[in-house]
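Examining the three-dimensional arrangement
These are the residues of each chain, in order.
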Amino acid sequence: MHLSTTLLASAMTMGVSAATNNILGFNSGATFADRSAKFKKDFEAEMKGAQGLKGAPGTFNTVRLYTNIQAYSQDDPIQAFEAAMETKTQLLLGIWASGTDNIDKEISALQKAVKTYGKEFTDLVVGISVGSEDLYRDSQTGSKNKAGVGNSPDSILKFIGDYKKAFKDSALSKVPVGHVDTWDAWTNSSVKPVIDAVDWVGVDEYPFYENGKGNSIENAPYLFEKAYGATVNAINGKPIWVTETGWPTTGPDWDEAKASVENAKYYWDEVGCRSLFNKVPTFWYTLRDSNPDNKVKFAIAKDLTTPLFDLTCPKTFKTKPKSSSVVSSATGTATGTATGTATATGAVNGTATATGASRPTSTGGSGNPGSDGSNGSNGSGNNGGSNNGGSNTGGGSGTTSGATASSTVVKGASSTVEKFSGAAYFVLAVLAGSLTLL
């Protein structure tokens, strides 16, 4: 049966959090595009640049990190912490969790920071992500496509427990804990224990890379909303943080997708302004490109300070609701799957796996430009996942291969709802019985 959008909207409204979270930020890796380490002054320049962006729909005063460890060190706290204190920048901390059986060095670096900097540091922390796209890499489809070393749901659960135990008597014990993964990973039933364990769910989604699904810029908002709706449908009412999304400003075509400043502006308006900014915690990709192996570039500002396009949000939008698409003004749910691959290895007095890898090629999947990532253990350093046939690892190399995906969407959707309650889903089940997919 088809559930009317009005009835479905009423049911969903019962579970909507009254307060919206206005977190606005960018992603920041541990190293530059040449794989050299970033230091305090470099992070500080990024943070000041983000905060001073002319025309932005709010202050971008939050940074998402992929690791707590300073690049090319054993377990020294990343110098982004000091830069954040200097610039009063909020932090979404990251613990790198792929290709390892423990997070001891990540915990050690963070403990040193808490001890050294105290309240001045911990008051800036808005959340912590235990892992980034590990579940996708560990999935059956990820394994089939040689996605590289990730980690299992059981391992992520263990790491969440290890983190909470280590900081149970710390000011960080009250900071919400999440995990970041691709939207398709969250739709896999095997990850339900992770969903149950986290306080929030981080989702990465790039319509640019969704080959075979009409990934032109005009269709990009609908592709994004389908993926967002699929995640909403899978996560049992947990709040969503959009941890990576964006559109490249330069680079080669990707199926129907074309990288250009004009298209990056369109995506900023029709996805960022329309659906995300000041509605859902959002970390745009990105202010500074740090992936040397990705031919398409996502940075939205020249020299960190001058926007490449007008960041002012429009008063009206070009995106119109479609009966088979999900847009922010409609209501409903969606389901979908996607697969992809990326691997990377590297050594700098040690070894490390790729940090932030994901799928640069896809047939409808959730592509990723290669998230700037962490430094590894034993002296190794990484700066991100692989993309477009290469990886971004300290001293290493990487390969990537394609991805496939399919996605179906239930008529309508609510794309800007941040949180649903269990009661709302119960009501949906009672009202709908079963939903007929388009």
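Bear in mind the structure is a predicted one, so any value in this text is a computation, not a measurement.

By size, the foremost hydrophobic cluster in this structure holds 89 residues, and its most contacted members are Phe81, Leu91, Leu93, Leu110, Phe121, Trp268 and Ile300. Counting residues per element, this core draws most heavily on helix H12 (residues 261-276), which supplies seven residues. Counting seven residues, the second-largest nonpolar core is a separate cluster that includes Ile23, Leu92, Val180 and Trp200.

With that settled, the discussion passes to the pattern of salt bridges. Opposite charge on two side chains permits them to pair, given that their charged atoms come into close proximity. For the coordinates displayed, the defined rule picks out 16 salt bridges. Here Arg35 makes a salt bridge to Asp293, at a shortest N to O gap of 3.0 Å. One end of the pair, Arg35, is in the loop between strand E1 (24-28) and helix H2 (40-51); the other, Asp293, is in the loop between strand E8 (282-284) and strand E9 (301-302), with 258 residues separating them in the sequence. Arg35 gets classed as partly exposed once you look at its relative accessible area, which sits at 23%. The salt bridge partner of Lys168 is Asp169, with a shortest N-O separation of 3.1 Å. The same class applies to Lys168 as to Asp169, namely exposed.

Looking now at the environment of Ala30. Residue position: Ala30 is located in the loop between E1 and H2. With a relative accessible area of 2%, Ala30 lands in the buried category. Between the alpha carbons of Ala30 and Phe43 there is a distance of 9.1 Å; along the sequence they are 13 residues apart.

Here the focus is the pairing of strand E2 (residues 62-65). The side-chain alternation of E2 yields two buried faces, one formed by Thr62 and Arg64 and the other by Val63 and Leu65. The parallel pair E1 and E2, bridged by H2, forms a crossover whose chirality is right-handed. Relative to strand E3 (residues 90-95), E2 runs parallel, the two sharing three bridges. Residue pairing in the sheet places Val63 in a bridge with Leu91 of E3. Traced from E2 through helix H3 (residues 80-87) to E3, the parallel crossover comes out right-handed.

Examined against the element boundaries, Thr282 turns out to sit in strand E8. Assessed through its relative accessible area of 0%, Thr282 is described here as buried. Beyond its immediate chain neighbours, meaning those up to four positions away, Thr282 contacts Ile23, Leu24, Gly25, Val242, Leu276 and Phe277.

Evaluation of the coordinates by the stated rule reveals one disulfide. The disulfide that involves Cys273 links it to Cys313, with 2.0 Å between the sulfurs. Negative torsions about the S-S bond denote left-handed disulfides, and the value of about -80 degrees found for Cys273 with Cys313 makes this one left-handed. With Cys273 in helix H12 and Cys313 in the loop between strand E10 (306-307) and strand E11 (334-338), this pair connects stretches of sequence that are 40 residues apart. Among the residues examined, Cys273 registers a relative accessible area of 7% and is labelled buried.

Time to look at the confidence of the model for the chain. Counting all residues, the mean pLDDT for the chain is 76, and 67% of those residues have values of 70 or more. Residue range residues 323-367 is modelled with pLDDT below 50. Its contacts to residues more than four positions away, or to other chains, number 251 contacts. Of the regions scoring below 50 in pLDDT, residues 370-438 engages in 308 contacts with residues more than four places distant in sequence or in other chains.

Here we come to the packing of helix H11 (residues 220-234) against H12. For the pair H11 and H12, the least separation of the axes is 9 Å and the interaxial angle reads 40 degrees. With respect to H12, the axis of H11 lies oblique. Seen from above, H11 lies across H12 with right-handed handedness. Together, Ala220, Pro221, Phe224 and Glu225 of H11 and Tyr266, Tyr267, Glu270, Val271, Ser275 and Leu276 of H12 make up the contact between the two elements.

Largest kink in H12: about 25 degrees, centred on Trp268. Most of H12 is tucked away, with 14 of its 16 residues classed as buried. Looking at the residues trailing H12, positive phi occurs at Asn278, about 65 degrees.

With that out of the way, let us pick up the packing of aromatic side chains. Using the criterion set out here, one finds 23 aromatic pairs in the structure. With centroids separated by 6.0 Å and ring planes inclined at 85 degrees, the aromatic side chains of Tyr206 and Tyr285 adopt a geometry described as edge-to-face. Placement of the pair is Tyr206 in the loop between strand E6 (200-204) and H11 and Tyr285 in the loop between E8 and E9, with a sequence separation of 79 residues. For the pair shown, Tyr206 and Tyr285 are each scored as buried. The interplanar angle of 50 degrees and the centroid separation of 6.2 Å between the aromatic rings of Phe208 and Trp254 together place this pair among those described as tilted. Separated by 46 residues along the polypeptide, Phe208 in the loop between E6 and H11 and Trp254 in the loop between strand E7 (240-244) and H12 bring together distant segments of the chain. Using a relative accessible area of 0% as the deciding quantity, one classes Phe208 as buried. With a relative accessible area of 8%, Trp254 lands in the buried category.

The subject of this paragraph is the pairing of E6. For E6, a buried count of five out of five residues is recorded, marking the element as mostly surrounded by other parts of the structure. Residues Trp200, Gly202 and Asp204 of E6 are buried on one face, and the alternating residues Val201 and Val203, pointing to the opposite face, are buried as well. Following the chain from E6 across H11 to the adjacent parallel E7, one finds a crossover that is right-handed.

With respect to the helices and strands, the residue Trp183 is situated in helix H9 (residues 183-186). For Trp183, a relative accessible area of 1% gives the class buried.

Conventions and cut-offs
Residues numbered from 1 in each chain as written. Predicted model: local features only at pLDDT ≥ 70, side-chain atom pairs only at ≥ 80, totals over all residues. Heavy atoms only, no water. Core = buried A, V, L, I, M, F, W, Y, C linked by side-chain atoms within 4.5 Å. Buried < 20%, exposed > 50% of the residue type's maximum accessible area, 1.4 Å probe, protein only. Helix = DSSP H or I, 4+ residues; strand = E, 2+ residues; numbered from the N terminus. Salt bridge = Lys/Arg side-chain N within 4 Å of Asp/Glu carboxyl O. Right-handed = clockwise from strand over helix to strand, strands pointing away. Pairing = 2+ DSSP bridges. Contact = heavy atoms within 4.5 Å. Disulfide = S-S within 2.5 Å. pLDDT = per-residue confidence, 0-100. Axes fitted to C-alpha atoms, helices over the stretch in contact; angles between N-to-C directions. Parallel < 35°, antiparallel > 145°, perpendicular 65-115°, else oblique. Left-handed = near helix turned anticlockwise from the far one by under 90°. Bend = angle between axes of the 7 residues up to and from the residue. Phe/Tyr/Trp six-rings, centres within 6.5 Å; stacked < 30°, edge-to-face > 60°.

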